[in-house]
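Coordinates in review
The chain contents come next:
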Amino acid sequence: MDKKIGFFICTGCGIGEALDVAALCKVATKEGKAPSCKQHPFLCGQEGLEFIKKDIAEGVNTVVIAGCSSRMNYDVFDFGPEVIVERINFREQVVWCHPANDEDTQMTAEDYIRMAMAKLKTLELPEPFVPEDVSKDVLVVGGGLTGLTAALEVAEAGYRAVLVEKESNLGGYTAAFYKQAPSRPPYTDLEPNEVPAKVQAVTDNPNIKVYTSAVVEKIEGGPGKFDVTIKTAGGSAGERVGAVILATGAKPFDPTPLENFGYGKYPDVITQAQMEELAAKGKITRPSDGKPVQRVAFIQCVGSRDKEHLPYCSAACCVESLKQAAYLKELNPEAQAYVFYKDLRATGKYEHFYKRLQDLGTVFVKGETSAIKIEQSGGQLVVQGEDVILREKVNLPVDLVVLANGMVPTTAGEENILNLAYRQGPELPILKYGFPDSHFICFPYETRRTGVYAAGSVRAPMHVPAAVEDATGAALKAIQVVESVSRGAAVHPRSGDLSFPEFFMQRCTQCKRCTEECPFGAINEDEKGNPLPEPTRCRRCGTCMGACPERIISFKNYSVPMIGNMAKAIEVPEEDEEKPRILVFACENDAIPALDMAGLQRMQYSNWVRIIPVRCLGSLNLVWIADAMSKGIDGVLLLGCKHGDDYQCHFVKGSELAGIRLSKVSETLDRLGLESERVQIQEVSIMDYDQIPGIIDRFAARLDELGPNPMKGF
């Protein structure tokens, strides 16, 4: 592309009053070789936009706008797919965080112009990758409540769904429910089980193809072109789909090992699922002798919130016990329910239901439920525990004990469900309790496999209304990915990005770092170990680019040389000028917004810094640090998202990988005769914006103590 550059400086928002704009234009035209530099007091206004569009109409195809952050007015400054737009942040990262009309502030702005113009030298318009025969069908694995809902949502949106259920009938665990807890105003009355109606709706819908007594044998390809082999009772079938929803749910926790509850020992100690079966008969009787029950104890947190079994709350048990206590009273008004609980977790609108149960005379006993002991004497069950509110021991004779046993995700077992033909393994990566990993803070439906969305109780413990809502969300995500792939665009968090990684295979050494470090399993391998990228699986984070020691991976608009040139474009003053330089590589997901927030709050920090946004710290290539230090930059600060169990890293492993790579930088710095403290990494979230000045200023103070970079001037 032959670039014709139009350079525009917005002088609004205090920029014109704080900077020498004429001097900036001189840098843009003389050093940056921009044909012209124009200024306007309100570029994002109608007049300002027309000002830019006039130049575009005359042939400008590369627009540089120096004004506010690129996170602002991104839609206003979208001039179509044929025009490159490069933004320079003079507002939040220069004039709003540094003193006005100051020599160092002016130097900062001038450096940002040099960096932008250096970036443009190698930046090209991305060309989207659109695979052939894109399918917009959605595979739903699991025919329970969540799977049924997801399939119906997909079909009602006008897309075809393929539903695979391993059992011979649809409906799953909730199909056997006698009643459902209230889901609509006034949230006090039991409702009919909606699952049979959903089964019928799915069966009748022409946009849904159902396979029962079937399992997924293999899934190959990527979003938009998943080729699925389904093993059925009569043989096998093949389907091409664009996205996958995993809705295989959870299994009830087996309480047999918890001997104090007597499950398996006393026939009248049952689970919640067995209670549903009794109620479905229209009369609740004791399994041991068939006599009607009058006094029933419901024990909460059986296995759940127990570090030896299920350390997490299973979320649905409390509401289900309230429901069962309610229909106990409905079927036998003379019956008495006792609920033993640790913390009754019936939040939100279920508070109304809880109060209704109190009005019905249900007795609630608060205590440590794991310490409860069930004994049987003379054919009579006795619940032994402690009421911590009344501070007294409890010895309660009952006819029946119902254990609220928790839920275990189906992905926690050894059985393969999806059988993905991925180099990184056949199933979704899981968290420590067996739930599929998802970005539960920012993007709950996303898994680490692009185009595969977990929903319902396989993703996290949840009750019935939450599972229905979850299924709807996953269906929308599935539709979003097939539509994005059909345009060659990425999904979250770089939604709409048309770039994709290109591999210069002639220099590949088969080191496998790209395939091992890609967080999303986007790269397979051939039998010789050569990487086989699947572009539609790619999230465009650039982790592979950062991992590659040969630097053979790049994007049209993001590459190792491009960022390296930006760093080299910074003007480094001589040592005697006592103006150190700090280069900040800041992740665009949390760190850049935090920096912008600090600017919006007019927080001041050292004007020694020069900031380069990166897609993810995982894309950090160590050559950038080596080049910066060789250039004479006094220190390099890496700002990335938080990682760990409650990570916010939008690309899952970016900050973690950057930390690992940084640990190897010490050797490089030692070889250059530099102090390793000159390169540091900090993890920040957006809400840490108020810590930004402190982080930068402390780093600047430490560099001041270390003195100038010994490489300065060479």
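Report on the accompanying structure. (Residues numbered from 1 in each chain as written. Predicted model: local features only at pLDDT ≥ 70, side-chain atom pairs only at ≥ 80, totals over all residues. Heavy atoms only, no water.)

We now examine the sheet that holds strand β11 (residues 226-232). The strand order across the open sheet formed by 3 strands is β10-β11-β12, and the pairing between neighbours is antiparallel. Each of the sheet's edge strands pairs with one partner strand only, and the pair in question is β10 (215-220) and β12 (235-241). Neighbour-to-neighbour, the strand axes of this sheet turn through a mean angle of 20°, independent of strand direction. In this sheet, β11 lies alongside β10 in antiparallel orientation, the contact comprising 5 bridges. Bridge pairing links Val216 to Ile230 in β11. (Pairing = 2+ DSSP bridges. Helix = DSSP H or I, 4+ residues; strand = E, 2+ residues; numbered from the N terminus. Axes fitted to C-alpha atoms, helices over the stretch in contact; angles between N-to-C directions.)

A word on a negative patch on the surface. Together, Glu574, Glu575, Asp576, Glu577, Glu578 and Asp704 give the surface a local cluster of negative charge. Locating Glu574 in the fold gives a position in the loop between α14 (560-568) and β29 (582-587). (Patch = residues over 30% accessible without salt bridge, like charges linked within 9 Å, V, L, I, M, F, W, Y side chains within 5 Å. Areas by Shrake-Rupley, 256 points an atom, 1.4 Å probe, with all protein chains shown as cover. Salt bridge = Lys/Arg side-chain N within 4 Å of Asp/Glu carboxyl O. Lys, Arg positive; Asp, Glu negative; His and termini not counted. Charge placed at Lys NZ, Arg CZ, Asp CG, Glu CD.)

The subject of this paragraph is the packing of helix α9 (residues 317-331) against helix α10 (residues 350-359). Where α9 meets α10, the closest approach of the two axes is 10 Å, and the angle between their N-to-C directions is 40°. Looking at the two axes, α9 sits oblique to α10. Where α9 crosses over α10, the two elements pack in a sense that is left-handed. Between α9, through Val319, Leu322, Lys323, Ala325 and Ala326, and α10, the contact on the second element is made entirely by Tyr350, Phe353, Tyr354 and Leu357. Grouping the amino acids of the contact of α9 with α10 by side-chain chemistry returns 8 nonpolar, no polar and 1 charged. (Parallel < 35°, antiparallel > 145°, perpendicular 65-115°, else oblique. Left-handed = near helix turned anticlockwise from the far one by under 90°. Contact = heavy atoms within 4.5 Å. Nonpolar A, V, L, I, M, F, W, Y, C, P; charged D, E, K, R; others polar.)

All right, on to helix α16 (residues 622-631) then. All of the buried residues along α16 are Val623, Trp624, Ile625, Ala628 and Met629. At the C-terminal side of α16, Gly632 shows a positive phi close to 110°. (Buried < 20%, exposed > 50% of the residue type's maximum accessible area, 1.4 Å probe, protein only.)

Time to look at the environment of Asp55. Position of Asp55 among the secondary structure elements: in helix α3 (residues 46-57). By relative accessible area, Asp55 is classed as buried at 6%. The residues touching Asp55, leaving out its near neighbours within four places in the chain, are Phe8, Lys38 and Val60.

The omega torsion of the bond from Pro185 to Pro186 falls at 5°, within 30 degrees of zero and hence cis. Within the secondary structure, Pro186 is located in the loop between β7 (179-180) and β8 (191-192). The omega torsion across His492 and Pro493 is -5°, close enough to zero to call that bond cis. Looking at where Pro493 falls in the secondary structure, it is placed in the loop between α11 (464-487) and β25 (502-503). Despite not being glycine, Tyr187 shows a phi value in the positive range, around 60°. By the element assignment, Tyr187 lies in the loop between β7 and β8.

Here the focus is the sheet that holds strand β17 (residues 336-341). With parallel pairing, the 5 strands of this open sheet are ordered in space as β15-β22-β16-β17-β18. Each edge of the sheet is formed by a strand with only one pairing partner; in this case those strands are β15 (269-271) and β18 (363-366). Within the sheet, the average angular offset between the axes of one strand and its neighbour, ignoring direction, is 25°. Contacts between helix α8 (residues 272-280) and the sheet are confined to β15, β16 (295-302) and β22 (400-405), with β15 contributing the most and set at about 95° to the helix.

Within the structure shown, the criterion is met by 1 disulfide. In this model, Cys25 is linked to Cys37 through a disulfide, with the two sulfur atoms separated by 2.4 Å. Across the disulfide from Cys25 to Cys37, rotation about the S-S bond amounts to roughly -55°, and the bridge is consequently left-handed. Taken together, the residues Cys25 in helix α2 (residues 21-31) and Cys37 in strand β2 (residues 37-40) connect sequence positions 12 residues apart. Of the cysteine sulfurs around Cys10, a residue in no disulfide, the closest is that of Cys13, at 6.1 Å. Take Cys10: its relative accessible area is 13%, and that puts it in the buried class. (Disulfide = S-S within 2.5 Å.)

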